[in-house]
Amino acid sequence: MNLKNLFPSLGKRDSAPMVKLNKTERKRLALTLFAGKIIGVLILLIGIKIILPGMLGTSAFADPTPAVPSLIETNIMNTANTIWTLVAAFLVFGMQAGFVMLEAGFARQRETVNVLMECVFDTCLCGLLFWAIGYAFMFGQGNGFIGWGGGALAGGDPKSWFFLQGTPLTYSGTGIPILAHWIFQYAFADTCSTIVSGAMIGRTSFRGDILYSIGITGFIYPIIGHWAWGPDGFLALMGSTGHLFPTLGQGFRDFAGSTVVHSIGGIASLAGAIVLGPRLGRVFKRDGGGMPPAHNLSLAALGTFVLWFGWYGFNPGSSLSAMDMQGIGRISTNTTLAACAGGITAMYVALWFGDTKGKFDLGYTLNGVLGGLVAITCPCYWVSPLGAVILGGVAGIVVWLSMVFMEYVRIDDPVGAVAVHGVAGIWGTISLGLFACGQYGATGPTGPDNSAPVTGLFYGGDASVFKAQCIGSFTICAAVFIVTIVMMFIINKLPHPWKLRVEAEGELMGLDLFDHGTEAYAS
């Protein structure tokens, strides 16, 4: 194209430093530039349509049926979800540092090394057991009571998943690699095993700890956990045709583990504490004594904050989906608010009532924070921020009442594990049936599916969700208590040094020197 034909003035003023166009020429130039931009935009839109066809769909002109993601979109989505799950797994694993600090801080100085060693050993043991048998028991296909692998989840391959053999490349329909799912669930299993030691501090032999840890990590946690989280667990399928209570119409829900992780750990702690009995010289409040003072409350407070930070992997990470942006944002907010409310209410109840009346007690406040975190772990996806504040605040009161009750019935729990994880876990689980706000349904790899929202009693729902939660919580807690107390009783009947309770000599000397030959604070 010859511009001089369009704009004659250009030919007349070639030597001029600046060209001045007449009115007609200015219109032609504007139209030319506009046409060029329109052509460029059209080329860009055509390119996007070819490479990412889903981006140009609109409610007015798109096909009414959902578009199937392209291979590129699916790969990007699965990669994002996998990264999200792994980051969450690393956060949950980091909670082990918080547990170490919390338990060591509440313990007596002479058993600090024992606490540290138990937590480190349990973490190592849990990894090997969950690799060998635990993951297959919990997440493999089997029957309503126990999994082993194979089946439809593995494309019809009947081989078991023991030692992570015969597993598919990805877990179920998540698109997440099976090994990424394993590392996330291993961090959960490790949390459960660590909880149990808290109520048994100061009088458990290290060899006895090895034995009960094998039982809980390798068998109790994954097999009973399968009931609620397994692909064919009888509690997960409850309320559907051909399964338990088909007319109920609701299955048991536990988004991130108020029951599956925390109540299992807390109730197992209760069984262990009952079998062991109190520490030597322990005088309870009703007998004129009280809890032995914590040797390092600074360490306990720091451990609480580390655990709180790790909970941002525990709860939002359980979505297994970075695509559910609204969901993970809501979960994170609910987690925060429940922890804040739990700490505040526990502090004020301790200030107004009981032996700490008139004092702002740090121990109750820390456990109130943790109780709020435990309680919100089950309902975090389905409740509103207001619901999170209320149920978290109630959890702080529940923790305080439970710790007072444990002291009254003379059960020695040095860190409050039974109250925080067991009782607050039960409260959080059943609170879903009260506070589910009726706006949210399920999360998935491509985002939320709110077509079947969960509605609790306080938001106009019927009692079906509440009933399902009560049935699931009671079933799991009762089974854990019965199996664990039998196991602990048997271990406690073994001869020294495998007996559950350490010899009196070792307890009086201190487990640090007796079992480990060193002190945490050597002079």
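Report on the accompanying structure. Keep in mind that this is a model prediction, so the values were computed, not measured. (Residues numbered from 1 in each chain as written. Predicted model: local features only at pLDDT ≥ 70, side-chain atom pairs only at ≥ 80, totals over all residues. Heavy atoms only, no water.)

**Details of the pattern of salt bridges**
Short version of the rule: The term salt bridge refers to a pairing of a side-chain nitrogen on Lys or Arg with a carboxyl oxygen on Asp or Glu at a separation within 4 Å. A run of H or I in DSSP counts as a helix once it spans at least four residues, and a run of E counts as a strand once it spans at least two, with each numbered from the N terminus. When a residue's accessible area, from a 1.4 Å probe over protein chains only, is under 20% of the maximum for its type it is buried; when over 50% it is exposed; and in between it is partly exposed.
Tallying each qualifying case throughout the model produces eight salt bridges. Among the salt bridges present, the one from Arg279 reaches Asp412, with a minimum N-O distance of 2.7 Å. Highlighted residues: Arg279 in the loop between helix 8 (258–276) and helix 9 (297–314) and Asp412 in the loop between helix 12 (385–408) and helix 13 (417–435), separated in sequence by 133 residues. Neither Arg279 nor Asp412 differs from the other in exposure class; each is buried. Take Asp412: its relative accessible area is 0%, and that puts it in the buried class.

**Quick notes on unusual backbone geometry**
Across the junction of His496 and Pro497, the peptide omega takes the value 10°, indicating a cis bond. Topologically, Pro497 is positioned in the loop between helix 14 (464–492) and helix 15 (504–509). Backbone geometry at Leu320 places phi at a positive 55°, although glycine is not the residue there. Considering the arrangement of structural elements, one finds Leu320 in the loop between helix 9 and helix 10 (325–352). A relative accessible area of 13% means that Leu320 is categorised as buried. Located in the positive-phi region is Arg410, a residue other than glycine, with phi close to 65°. Relative to the assigned elements, Arg410 resides in the loop between helix 12 and helix 13. Overall, the relative accessible area of 37% leaves Arg410 in the partly exposed class.

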